[in-house]
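Tertiary structure, described
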Amino acid sequence: RYSINRSRSQKAVLMKKLGWLMGCLLGIHASAQFSQQTVQVGNMGLNVTNAGTIGLPNVRNNPQGPPSMEYPINSGIEHLFEGGLWIGAQVNGNIAVSTASLDDASGYATGKGGFEFSPKIGSNVTTRSSLTNSNYFSTAAISHQDYLLHFTDAYTVVPGTQTPIQDHTLPLNADVRLETYAWNFAYADFFVLANYTIKNNSGFRWDSVYLGFWSDLVV
């Protein structure tokens, strides 16, 4: 009985490993679609992406396009070039820092150094609204316009390509879910709430964790 159970146990472990390997091989060819959305239900227009950045650097070249962080809405007054989440920690004896954005004259580009978060493979950007007349009405909505975006620093190569993410050799394996909430109430239309949920998927303990948010503010 012991040998039979042991054999079954070994088989289960082997199948689990094979499944993990197949997942990795499939992941090589999987891609994650970059997407950006614009919060503009209230009096502030804010661009958010599933690569972990906020703002729209190209707004200076295309001021008639979507806003970066415009307030009041439709005023043409922009307050942000670009920004993004920073996470740092000691992991397995090493100091690891992953950044979603940094000081760069041209802003985000796929695989560029400092832009170390990528859209999560298999995830989609979700839109919800608590407004019953909205096409995105959902009883799960928190605000008049919710965006749900999912990204990670786990990839050192841009998903679906052979392009390495420059200088990104020690990922934290952070899984990040961002939810943005905005309202059109007169008393709550001048801000957007950003709710981040961060999960450690590294298999190692994060010690001395630091969280920050870098932003290149312009007025």
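Throughout what follows, the structure given in this document is the object of discussion. (Residues numbered from 1 in each chain as written. Predicted model: local features only at pLDDT ≥ 70, side-chain atom pairs only at ≥ 80, totals over all residues. Heavy atoms only, no water.)

As for its placement among the helices and strands, aspartate 104 is situated in the loop between β6 (94-99) and β7 (118-119). A distance of 2.9 Å separates a polar side-chain atom of aspartate 104 from the backbone nitrogen of serine 106. Among all residues touching aspartate 104, those that are not within four sequence positions of it are Phe81, Lys112 and Phe115. (Helix = DSSP H or I, 4+ residues; strand = E, 2+ residues; numbered from the N terminus. Polar contact = N/O pair within 3.5 Å; in protein donor to acceptor, adjacent residues only side chain to side chain. Contact = heavy atoms within 4.5 Å.)

This part takes up a nonpolar patch on the surface. A cluster of nonpolar side chains, Trp86, Ile95 and Val97, forms an exposed patch at the surface whose accessible area comes to about 300 Å². The residue valine 97 is located in strand β6 in this model. (Patch = residues over 30% accessible without salt bridge, like charges linked within 9 Å, V, L, I, M, F, W, Y side chains within 5 Å. Areas by Shrake-Rupley, 256 points an atom, 1.4 Å probe, with all protein chains shown as cover. Salt bridge = Lys/Arg side-chain N within 4 Å of Asp/Glu carboxyl O.)

Most of strand β9 (residues 145-152) is tucked away, with seven of its eight residues classed as buried. Relative to β9, β7 runs antiparallel, the two being bridged by two bridges. Within β9, the residue paired with proline 119 across the bridge is phenylalanine 151. In this sheet, β9 lies alongside strand β8 (residues 126-128) in antiparallel orientation, the contact comprising three bridges. Bridged to arginine 128 within β9 is aspartate 146. When β9 meets strand β10 (residues 174-182), the two strands line up antiparallel, connected through eight bridges. Across the sheet, phenylalanine 151 pairs through a bridge with valine 176, a residue of β10. (Buried < 20%, exposed > 50% of the residue type's maximum accessible area, 1.4 Å probe, protein only. Pairing = 2+ DSSP bridges.)

Moving on to the pattern of salt bridges. Counted by the stated rule, this structure contains six salt bridges. Of the charged contacts in the structure, one is a salt bridge between aspartate 146 and arginine 128, with a shortest N-O distance of 3.1 Å. On the criterion of sequence distance, the pair formed by aspartate 146 in strand β9 and arginine 128 in strand β8 is long-range, its members being 18 residues apart. For the pair aspartate 146 and arginine 128, a shared accessibility class is recorded, and that class is buried.

Now for the packing of aromatic side chains. One pass over the structure, following the stated rule, counts seven aromatic pairs. Between tyrosine 108 and phenylalanine 115, the ring centres sit 5.7 Å apart and the planes meet at 80 degrees, which makes this aromatic pair edge-to-face. A residue is classified by how much of its surface remains accessible, and tyrosine 108, at 21% relative accessible area, is partly exposed. Look at phenylalanine 115 and you get buried, because its relative accessible area is 2%. With centroids separated by 6.3 Å and ring planes inclined at 55 degrees, the aromatic side chains of tryptophan 183 and phenylalanine 191 adopt a geometry described as tilted. (Phe/Tyr/Trp six-rings, centres within 6.5 Å; stacked < 30°, edge-to-face > 60°.)

Right, let's get into the pairing of β6. For strand β5 (residues 80-91) and β6, the ladder comprises six bridges, and the chain directions are antiparallel. By the bridge assignment, isoleucine 87 is partnered in β6 with serine 98. Linking two consecutive strands that pair antiparallel, namely β5 and β6, is a turn of two residues; a positive phi of about 55 degrees is found at asparagine 92 within it.

Mapped onto the elements, threonine 110 comes out in the loop between β6 and β7. According to the relative accessible area criterion, threonine 110 is exposed, its value standing at 52%. With 59 residues separating them along the chain, threonine 110 and alanine 51 place their C-alpha atoms 9.1 Å apart.

Right, let's talk about the nonpolar core for a bit. Counting 24 residues, the largest nonpolar core has Leu46, Ile87, Leu172, Val176 and Trp206 as its most contacted members. Within the residue set of this core, elements represented by two or more residues are β2 (45-49), β5, β9 and β10. A per-element tally of this core places β5 first, with five residues. The residues contacting valine 176, other than those within four sequence positions of it, are Leu85, Ile87, Phe117, Leu149, His150, Phe151, Tyr196, Thr197 and Ile198. (Core = buried A, V, L, I, M, F, W, Y, C linked by side-chain atoms within 4.5 Å.)

For alanine 194, the position within the fold is in strand β11 (residues 193-200). Since its relative accessible area comes to 49%, alanine 194 is described here as partly exposed. As a C-alpha pair, alanine 194 and tyrosine 181 span 13 residues in sequence and 6.7 Å in three-dimensional space. Other than its neighbours up to four places away in sequence, alanine 194 contacts Leu178 and Glu179.

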